[in-house]
Amino acid sequence: MKKVLVVDDEKSIVKGIKFSLEQDDMQVDVAYDGEEALSLAKENNYDIILLDIMLPGFTGLEVCQMVREFSDVPIIMLTAKGDDMDKILGLEYGADDYITKPFNILEVKARIKAIIRRTAPKPKEAAKVIESGDLKLDCESRRVYVAGKEINLTAKEFELLELLVLNPNKVYGREALLKLVWGNDYPGDVRTVDVHIRRLREKIEQKPSEPKYVHTKWGVGYYYNK
């Protein structure tokens, strides 16, 4: 049974989502403000968090940022219709996806299931550890180290880095990365890729403006330099 945390201060929305997800045999916890959401996220292991941006107390963006300090649980942000800045900020703060209000509950369920499928542990024939200079990827435990220090990446940041590292010097366009990492059913645009690449560089590069690992081929895309 998958475990979901739904966070929104509109109780009617929470009630509707909770009822619908429970019909699909999911266990659903709910929270109506940022503090309660953060507390539940610390106390439980969720498969996914559905998080509204506009919350009393801590905002959804603040909750997302604080959750990312201790967990890489997938997070879907709920944003106001047409508010691109909320969407971009959500990705900057570590969200994996966003849904625009008002939404169809069937879309919500489809997005949740798609992310859970993509982030589910995949069986591996053998543990794979990739080392390149100071960079080390443990593909089985999904952990990354730079100069012996573990770097906390989100699920999508890790998947981006893993794809690039496993295919050194191969240049991937932003559209290709969007499809390979987020899937064909992801409704976002290529800015999602740019935001995640920038965050990834800030975490693994000593000088993000002069990257050692993840490079840009201007007008084409991104690649990993072995």
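Residues numbered from 1 in each chain as written. Predicted model: local features only at pLDDT ≥ 70, side-chain atom pairs only at ≥ 80, totals over all residues. Heavy atoms only, no water.

Trainee: Tell me about the sheet that holds strand 3 (residues 48–52), and please be specific about residues and values.
Mentor: Ordered by their spatial adjacency, five strands build an open sheet running 2-1-3-4-5, and the pairing between neighbours is parallel. Lying at the two open borders of the sheet, with one neighbouring strand each, are strand 2 (27–31) and strand 5 (97–100). Looking at each pair of strands side by side, their axes are set apart by 20° on average, direction ignored. Of the pairings in the sheet, the one linking strand 4 (residues 75–79) to strand 5 comprises four bridges and is parallel in character. Among the inter-strand pairings, Ile-76 is bridged to a residue of strand 5, identified as Asp-97. Contacts between helix 3 (residues 60–67) and the sheet are confined to strand 3 and strand 4, with strand 4 contributing the most and set at about 170° to the helix. Where helix 5 (residues 105–119) meets the sheet, it contacts strand 3, strand 4 and strand 5, and its direction lies at approximately 175° from that of strand 5. (Pairing = 2+ DSSP bridges. Helix = DSSP H or I, 4+ residues; strand = E, 2+ residues; numbered from the N terminus. Axes fitted to C-alpha atoms, helices over the stretch in contact; angles between N-to-C directions. Contact = heavy atoms within 4.5 Å.)

Trainee: Describe the pattern of salt bridges, listing the residues and the values that go with them.
Mentor: Under the defined criterion, the tally for this structure stands at 18 salt bridges. Note that Arg-68 is salt-bridged to Asp-96, the shortest N-O span being 3.0 Å. On the criterion of sequence distance, the pair formed by Arg-68 in the loop between helix 3 and strand 4 and Asp-96 in the loop between helix 4 (84–92) and strand 5 is long-range, its members being 28 residues apart. Across this residue pair, the class does not change: Arg-68 and Asp-96 are buried. (Salt bridge = Lys/Arg side-chain N within 4 Å of Asp/Glu carboxyl O. Buried < 20%, exposed > 50% of the residue type's maximum accessible area, 1.4 Å probe, protein only.)

Trainee: Please set out helix 3 residue by residue, giving values where relevant.
Mentor: Among the residues of helix 3, Gly-60, Leu-61, Val-63, Cys-64 and Val-67 are the ones counted as buried. Looking straight down helix 3, one finds its buried side chains confined to an arc of 160°; they lie on one side. Buried residues belonging to helix 3 abut helix 2 (34–43), strand 3, strand 4 and helix 4. (Arc of directions from axis to C-beta.)

Trainee: Describe helix 7 (residues 174–182), with residues and values.
Mentor: Taken residue by residue, helix 7 has Leu-177, Leu-178, Val-181 and Trp-182 as its buried positions. The buried residues of helix 7 occupy one face: seen down the axis, they fall within an arc of 105°. Across helix 7 from its buried face, at more than 90 degrees, point the exposed residues Glu-175, Lys-179 and Leu-180. Buried residues belonging to helix 7 abut helix 5, helix 6 (155–166), helix 8 (191–204) and strand 11 (221–224). At the C-terminal side of helix 7, Gly-183 shows a positive phi close to 95°.

Trainee: Requested: an account of the packing of helix 4 against helix 8, with residues and values cited.
Mentor: Interaxial distance between helix 4 and helix 8 falls to 9 Å at its minimum, and their mutual angle equals 35°. As for the relative orientation of helix 4 and helix 8, their crossing is right-handed in sense. Side by side, helix 4 and helix 8 meet where Asp-84, Ile-88, Leu-91 and Glu-92 of the first sit next to Arg-191, Thr-192, Val-195, His-196, Arg-198 and Arg-199 of the second. Residues of the contact of helix 4 with helix 8, tallied by class, amount to three nonpolar, two polar and five charged. (Left-handed = near helix turned anticlockwise from the far one by under 90°. Nonpolar A, V, L, I, M, F, W, Y, C, P; charged D, E, K, R; others polar.)

Trainee: Requested: an account of the environment of Tyr-223, with residues and values cited.
Mentor: Secondary-structure assignment places Tyr-223 in strand 11. Once the C-alpha coordinates of Tyr-223 and Lys-203 are considered, the two residues, 20 residues apart in sequence, prove to be 17 Å apart. Leaving out residues up to four positions away in the same chain, Tyr-223 has contacts with Leu-164, Asn-169, Lys-170, Val-171, Tyr-213, Val-214, His-215, Thr-216 and Lys-217.

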